[in-house]
Amino acid sequence: SSRFDSSPPAAKLIDCQRWMWFDDVWSAVTFVVLSAAAAALLRRWWIARCERRDGEWLASKLTVVVTTSAAESNPSTVMMESVFASFSVVPGLSKVPKIIVCDWPELDDEHVRSCHHGRVQTKNLGDYKAYVENITALCHSGCRAWANSTCITLASRNGFG
């Protein structure tokens, strides 16, 4: 064998054959194209199924639980509203029961700059209370993505993560 021989050593050839799923590139391309087509058909079927049942089937099988805690953006609900608005992408998801769990913060005026890991300074507690009131009002409004939603406020810090 010359040093310009392009054939791989036998050990590498055997190893490659063991891990190779397709005989040639066209088989691999065909597999990918057919897989994409099957995924598209499955998605169409799933959307049609959810639309036919008007989302009631999904609502009977799923409950969404969202946890939230104090943040520097309080009392703004823009982040939560964006999350709930994204539910419209999946047919029927806006109709499922939704539970928003608001963790109550610990007060820490000495070590926290404003809001951090479920701890807030006393001066920021009012913003979090307003945030929880805003979330509760959105749940009671029941409009669009907020339909069938409930807000639960914990009495003390639980810490979600």
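The structure displayed is predicted, hence computed values, not measured ones. (Residues numbered from 1 in each chain as written. Predicted model: local features only at pLDDT ≥ 70, side-chain atom pairs only at ≥ 80, totals over all residues. Heavy atoms only, no water.)

Comments concerning the side chain of Lys98
Assignment of secondary structure puts Lys98 in strand β2 (residues 98–102). Within the local environment of Lys98, its side chain forms a polar contact with the backbone oxygen of Ser94, the two atoms lying 2.7 Å apart. (Helix = DSSP H or I, 4+ residues; strand = E, 2+ residues; numbered from the N terminus. Polar contact = N/O pair within 3.5 Å; in protein donor to acceptor, adjacent residues only side chain to side chain.)

Observations concerning helix α5 (residues 122–141)
Taking 1.5 Å per residue, 20 residues should reach 28 Å; α5 reaches 30 Å between its end C-alpha atoms and fits that length. Residues of α5 that are buried include every one of Asn124, Leu125, Tyr128, Tyr131, Val132, Ile135, Leu138 and Cys139, and no others. Around the axis of α5, the buried residues are gathered within 140 degrees of arc, so they sit on the same side. Exposed positions of α5 whose direction lies more than 90 degrees from the buried face are Lys123, Glu133 and His140. Positive phi appears at Gly142, one or two residues downstream of α5, with a value of about 65 degrees. (Expected span 1.5 Å × (residues − 1). Buried < 20%, exposed > 50% of the residue type's maximum accessible area, 1.4 Å probe, protein only. Arc of directions from axis to C-beta.)

Quick look at the sheet that holds strand β1 (residues 64–68)
Taken together, the three strands give an open sheet; going across it, the order is β1-β2-β6, and neighbouring strands pair in parallel fashion. Edge positions in the sheet fall to β1 and β6 (149–153), since each of these pairs with one other strand and no more. Taken over all neighbouring pairs, the strand axes of this sheet differ in orientation by 20 degrees on average, direction set aside. The sheet contact formed by β2 and β6 spans five bridges and is parallel. Residue pairing for β6: Val101 is matched across the bridge by Ile152. (Pairing = 2+ DSSP bridges. Axes fitted to C-alpha atoms, helices over the stretch in contact; angles between N-to-C directions.)

Observations concerning the nonpolar core
Membership of the largest hydrophobic core comes to 23 residues, with the highest contact counts inside it found for Met80, Phe84, Ile100, Ile135 and Trp146. Of all elements in the fold, only α3 (56–61), β1, α4 (78–85), β2 and α5 reach the threshold of two or more residues within this core. Beyond its immediate sequence surroundings of up to four residues, Ile135 is in contact with Thr77, Met80, Ile100, Trp146 and Cys151. (Core = buried A, V, L, I, M, F, W, Y, C linked by side-chain atoms within 4.5 Å. Contact = heavy atoms within 4.5 Å.)

Side note on the confidence of the model for the protein chain
When pLDDT is averaged across the protein chain, the result is 75; 70% of the residues are at 70 or more. Across the protein chain, element-level confidence peaks in β6 with a mean pLDDT of 92 and bottoms out in helix α1 (residues 10–19) with 46. Confidence over residues 10–22 falls short of pLDDT 50; this stretch has four contacts with residues more than four positions distant or in other chains. (pLDDT = per-residue confidence, 0-100.)

Some words on unusual backbone geometry
Following Asn74, the chain continues to Pro75 via a peptide bond in cis, the omega torsion being 15 degrees. By the secondary structure assignment, Pro75 is in the loop between β1 and α4. For Arg144, which is not glycine, the phi dihedral falls at a positive 40 degrees. Relative to the assigned elements, Arg144 resides in the loop between α5 and β6. Judged by relative accessible area, Arg144 falls into the exposed class, the value being 74%. Even without a glycine there, the phi angle at Asn148 is positive, about 60 degrees. If you trace the backbone, Asn148 turns up in the loop between α5 and β6. Overall, the relative accessible area of 47% leaves Asn148 in the partly exposed class.

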